[in-house]
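The primary structure of each chain is shown beneath.
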Amino acid sequence: MDGYIGVFDSGVGGLTVVKEIIQILPYEDVVYLGDTARVPYGTKSPETVSRFSLQCLKFLSNYPLKVVVVACNTVSSTSLDVLKDNTDVPIIDVIKPGASSAVMSTRTGKIAVIGTKATISSMAYVRAIHNIDNSITVYQKACPLFVPIVEEGLQDDEIALIVARRYLNYLLDKDIDTVVLGCTHYPLLKGVIRKVFSNDVQLIDSAYQTSIAVSEKLNEMSALRNVSREKPEHLFYVTDIPNDFQRVATNFLGWDYVYVKKVNIDEE
Ligand code: DGL
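Residues numbered from 1 in each chain as written. Predicted model: local features only at pLDDT ≥ 70, side-chain atom pairs only at ≥ 80, totals over all residues. Heavy atoms only, no water.

Got a minute to help me understand the side chain of Ser122 in this structure?
Relative to the helices and strands, Ser122 is located in helix α6 (residues 117–122). A relative accessible area of 18% places Ser122 in the buried class. Discounting residues that sit within four places of it in the chain, Ser122 has contacts with Ser77 and Arg127. (Helix = DSSP H or I, 4+ residues; strand = E, 2+ residues; numbered from the N terminus. Buried < 20%, exposed > 50% of the residue type's maximum accessible area, 1.4 Å probe, protein only. Contact = heavy atoms within 4.5 Å.)

The structure is reproduced here in structure tokens:
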């Protein structure tokens, strides 16, 4: 059966997941939606995030979907059940893959999770980590300015380092050896986050693990795997002016050009 891998996020963050998916599943068609008109999601209530996410899901459902990847920790931690109740397509989230890699990585048994306000207050990572190993101490820190910095393409600017130090200093004396980048925007800030933590600290980016989960899901339902080896289609949609998204996407994916189309999903 032919079909797309549908992926969505509030903005450019989900591209970190798309990049890994394209890397390990190079023949699959992908349709991406960034809800840039309403980013950030991470400062909004779970009810609002659920409403926006359902509209994203409905938009993606205009395509024949094999699987939906919720490439957003905020949505994964607040709205997964609502999404699952509204589609028969398998849904893959980003929390479980990140939590299990973090548990595998830690030696000190002390993990930090950084994310949006909504993700941190949902405690979704704490639960996911404790489901695997209850003895692990989890420290959490919300970093709400990180998403606008990335959306503006300022991840390599000195402002990003100042903000990172301000948020992350609190974690430095806690004997943490593993930090979960609990927001899909944050891998774009790896450079500055790395400058704050010592080199012994592992930064866990759930993008790679999530793409493995997608691949396993397609293998599990082997009829879903695209074996045609034809050039795949990669479609990118946003809900507001595409320019900034296009610039960040072209840069981040390392392509010559990324065609991005604006759509209205309010009516979905
Ligand atoms: N990239 C998203 C996440 O993983 C959303 C960030 C936001 O919109 O606040 O949480």
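Any chance you could explain the environment of Gln202 here in plain terms?
Looking at the element boundaries, Gln202 is found in strand β8 (residues 202–205). Put simply, Gln202 and Ile111 are 91 residues apart on the chain and 9.6 Å apart in space, counted from C-alpha to C-alpha. Ignoring sequence-local partners within four residues, the contact set of Gln202 consists of Ser105, Asp177, Thr178, Val179 and Arg194.

Looking at this structure, how should I read the site of the ligand?
Around the ligand, the structure places 14 residues, and the nearest of them are Ser10, Tyr41, Asn73, Thr74 and His185. Asp9 places a side-chain nitrogen or oxygen 3.0 Å from a nitrogen atom of the ligand. Look at the ligand: alone it shows 290 Å² of surface, and the protein chains cover 99% of it. For the shell around the ligand, the per-class residue count stands at six nonpolar, seven polar and one charged. (Near = heavy atom within 4 Å. Polar contact = N/O pair within 3.5 Å; in protein donor to acceptor, adjacent residues only side chain to side chain. Areas by Shrake-Rupley, 256 points an atom, 1.4 Å probe, with all protein chains shown as cover. Nonpolar A, V, L, I, M, F, W, Y, C, P; charged D, E, K, R; others polar.)

Would you take a moment to explain the sheet that holds strand β9 (residues 234–238) for this structure?
Two orientations exist for strands paired in a sheet by backbone hydrogen bonds: parallel and antiparallel. Spatial strand order, β4-β3-β1-β2-β9-β10: six strands in an open sheet with parallel pairing. Bordering the open sheet on either side are β4 (91–92) and β10 (260–262), each of which pairs with just one other strand. Here strand β1 (residues 4–9) pairs with strand β2 (residues 29–34) via six bridges, running parallel. Of the residues in β2, the one forming a bridge with Gly6 is Val31. (Pairing = 2+ DSSP bridges.)

Explain the packing of helix α5 (residues 95–105) against helix α7 (residues 124–132) to me, please; I cannot follow it from the model alone.
Any two packed helices are characterised by the angle at which their axes cross and by the distance between the axes. Their axes nearest at 9 Å, the elements α5 and α7 cross at an angle of 50 degrees. In terms of their interaxial angle, α5 and α7 are classed as oblique. Note on packing geometry: the crossing formed by α5 with α7 is right-handed. For the pair α5 and α7, contact is made by Ile95, Gly98, Ala99, Ser100 and Val103 and by Ala124, Tyr125, Ala128, Ile129 and Ile132, respectively. In terms of residue class, the contact of α5 with α7 is made up of eight nonpolar, two polar and no charged. (Axes fitted to C-alpha atoms, helices over the stretch in contact; angles between N-to-C directions. Parallel < 35°, antiparallel > 145°, perpendicular 65-115°, else oblique. Left-handed = near helix turned anticlockwise from the far one by under 90°.)

Could you clarify how one ought to interpret the packing of aromatic side chains in this entry?
To describe a pair of aromatic rings, you give the distance between the ring centres and the angle between the ring planes. Considering all chains together, one arrives at nine aromatic pairs under this definition. On the basis of an interplanar angle of 45 degrees and a centroid distance of 6.0 Å, the ring pair of Tyr32 and Phe236 is categorised as tilted. In this pair, Tyr32 is assigned in strand β2 and Phe236 in strand β9, connecting sequence segments 204 residues apart. Just as Tyr32 is buried, Phe236 falls in that class too. The interplanar angle of 80 degrees and the centroid separation of 5.4 Å between the aromatic rings of Phe146 and Tyr167 together place this pair among those described as edge-to-face. On the criterion of sequence distance, the pair formed by Phe146 in helix α8 (residues 146–151) and Tyr167 in helix α9 (residues 158–168) is long-range, its members being 21 residues apart. Across this residue pair, the class does not change: Phe146 and Tyr167 are buried. (Phe/Tyr/Trp six-rings, centres within 6.5 Å; stacked < 30°, edge-to-face > 60°.)

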